[in-house]
Amino acid sequence: MVASFKLDIIIIGAGLAGIAAALRLSQAGHHVRVLDEHDRGERGCTAAHLPPNATRILTDWGFRDQIQSLGHLIKNSRFYSMENGELIGSQRWREEVIREIGADYYFIHYHDLYAMLHDAAVKAGAIVQFDAGAVNVETYPPRVTLTNQNVLKADLVIGADGPRSITRRTLFGEERIKLEGHSLFTAVVPRKLVEDDALVGNSINPSLLEFPLWLGSSRHGEAMLMRDGTEIALNIFYPDSEIPIDAEDTWEGEPMQGWRPRSNDPVLQRLIELCPDMRRLKLYIREELEDWIDESSRLLLIGNAAHPVLPCWSQSCAINLEDAETLGVLLSHINDIDQLPVLIEGFQELRKPKYRFVQDKSWWQSVESMWLAPGPEQKARDEMLRKQQDDGDWDESMLQQQFDGLWAAFGYNAREAAENWWTTWGMLRERSKTTA
Ligand SMILES: Cc1cc2nc3c(=O)[nH]c(=O)nc-3n(C[C@H](O)[C@H](O)[C@H](O)COP(=O)(O)OP(=O)(O)OC[C@H]3O[C@@H](n4cnc5c(N)ncnc54)[C@H](O)[C@@H]3O)c2cc1C
């Protein structure tokens, strides 16, 4: 749907959140300009997870063929012990369950995902300016000052400038931030290096449609195939207390650290040794904001600027695609500038609970279970994973149990949620304003 009232929108930050929002808002008929302080460059160093709630959105946006050709489909997670290499168990998503959920799970190189969305955003009419840093953001009227002191005005300014957001800082003050206590080590190994290696080549095999994970005490590792099975992205979450160096890398620069994590699993250890380089990113906990909208209702935060989720996790990219879809749907209903406050309030109402779910349930509950130290809880988890490995006949109750476990995260339909909000609340609030 195309909006009958066209907004001038500035998005600060051409990361995944900014570029996806630019695509959807341009498709909704708005005039969109995206500013980024960095150059276009190579974006992304590792794989992005595309869970079904993300592939559903990308399919709706017309990217089904690209996901199938650029992504790697997975249907099964296999769990190994990071301490001794034993196979603990596996979890195969049953065809019946995935059919009911209505979309598949893929891995894709972050750069490929980014490039696909960037090109589509430009084609849809968005102006994307790199090397254009914002140094100040103001409201009444909404405007952005660039590093070259040019001032750009708009009806709506969207801060999609990531975890160290200048927009967030300008509006809501310095954020409180603390170390989480783990680091992410990330790298890409060309699969040709392990193809002939009996141990690794057979375990990480594109035809298995599998996601191997290594579980350990306060750590885990994961290997993700991408680019038609020619590259393996390796992510290892490791406790800072066991890392003898303090240096950390950024996504943008060259990886600089020399020390590497270790595993007693021979496959994982071999992969670590084969990585041409490894990037170390410390994990940070950032303070949660009460509001993502300023009092003028002309400035809105999205993506990591609004809700900083931990990176390289099942929902880390999906949450940004959902933000874009939600905003695109809501702002396609605008027919007057006075409607803007109601619509962006709707965005916050829809997205805040989803963020809480992603942060608490999807991330913390999962890592709590993956990072168990040896003991009764870890034994119970391993027993449960062993049982799930049984690939025999499943009765209705087993299917229902798997469906219920996956539905909360994977079943979310951002488009439907936004349309439902509009018909139940948005229109009502509109009517109450006109009759007041
Ligand atoms: C270069 C890069 C590569 C990444 N690679 C991966 C990857 O391979 N796999 C993965 O899972 N995650 C990756 N991430 C992290 C991932 O982007 C985030 O976790 C999330 O998916 C997207 O968040 P975002 O768009 O809200 O923020 P970000 O990705 O952090 O993007 C914010 C953007 O805002 C720009 N910006 C910041 N301040 C200003 C300013 N003052 N003026 C103008 N622009 C500004 C930044 O240059 C950046 O492009 C990467 C992030 C970056 C920045």
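Before any of the text, the structure's been laid out above.
Residues numbered from 1 in each chain as written. Predicted model: local features only at pLDDT ≥ 70, side-chain atom pairs only at ≥ 80, totals over all residues.

**Q** Can you help me understand the site of the ligand in this one?
**A** Around the ligand sit 34 residues, and of these Gly13, Gly15, Tyr110, Gly162 and Gly303 come closest. Among the residues making up the shell around the ligand, the classes are represented as 17 nonpolar, 12 polar and 5 charged. (Near = placed C-beta within 6 Å. Nonpolar A, V, L, I, M, F, W, Y, C, P; charged D, E, K, R; others polar.)

**Q** Would you explain the environment of Lys75 in this entry?
**A** Mapping Lys75 onto the fold places it in the loop between β4 (72-74) and β5 (76-81). On the neighbour-count criterion, Lys75 (15 C-beta atoms within 10 Å) is partly exposed. The sequence separation of Lys75 and Ile98 amounts to 23 residues, and the corresponding C-alpha distance is 9.0 Å. Contact partners of Lys75, with chain neighbours within four places excluded, come to Arg92, Trp93 and Leu209. (Helix = DSSP H or I, 4+ residues; strand = E, 2+ residues; numbered from the N terminus. Buried ≥ 20, exposed ≤ 12 C-beta atoms within 10 Å, placed from the backbone. Contact = placed C-beta atoms within 7 Å.)

**Q** Help me understand the nonpolar core in this model?
**A** Proteins that are soluble and globular tend to have nonpolar side chains buried together. Core analysis: the largest hydrophobic core is formed by 114 residues, its most contacted members being Ile11, Ile19, Ala21, Ala22, Ile108, Ile232 and Ile302. Non-local contacts of Ala22, meaning those with residues more than four positions away in its chain, are made with Ile11, Val32, Val34, Ala121, Ala126 and Val128. Membership of the second largest hydrophobic core comes to 6 residues, among which are Trp93, Ile101, Ala103 and Leu406. (Core = buried A, V, L, I, M, F, W, Y, C linked by C-beta atoms within 7 Å.)

**Q** I tried to follow unusual backbone geometry on my own but got confused; where do I start?
**A** Across the chain, the bulk of peptide bonds are trans and the bulk of non-glycine residues have phi less than zero. A cis amide bond links Tyr140 with the next residue in sequence, Pro141, at an omega value of -10°. Position of Pro141 relative to the elements: it lies in the loop between β9 (134-138) and β10 (143-146). We note that Asp131 has phi near 50°; this positive angle belongs to a residue other than glycine. A positive phi is found at Asp228, a non-glycine position, where the angle reads about 60°. For Asp228, a count of 12 C-beta atoms within 10 Å corresponds to the exposed category.

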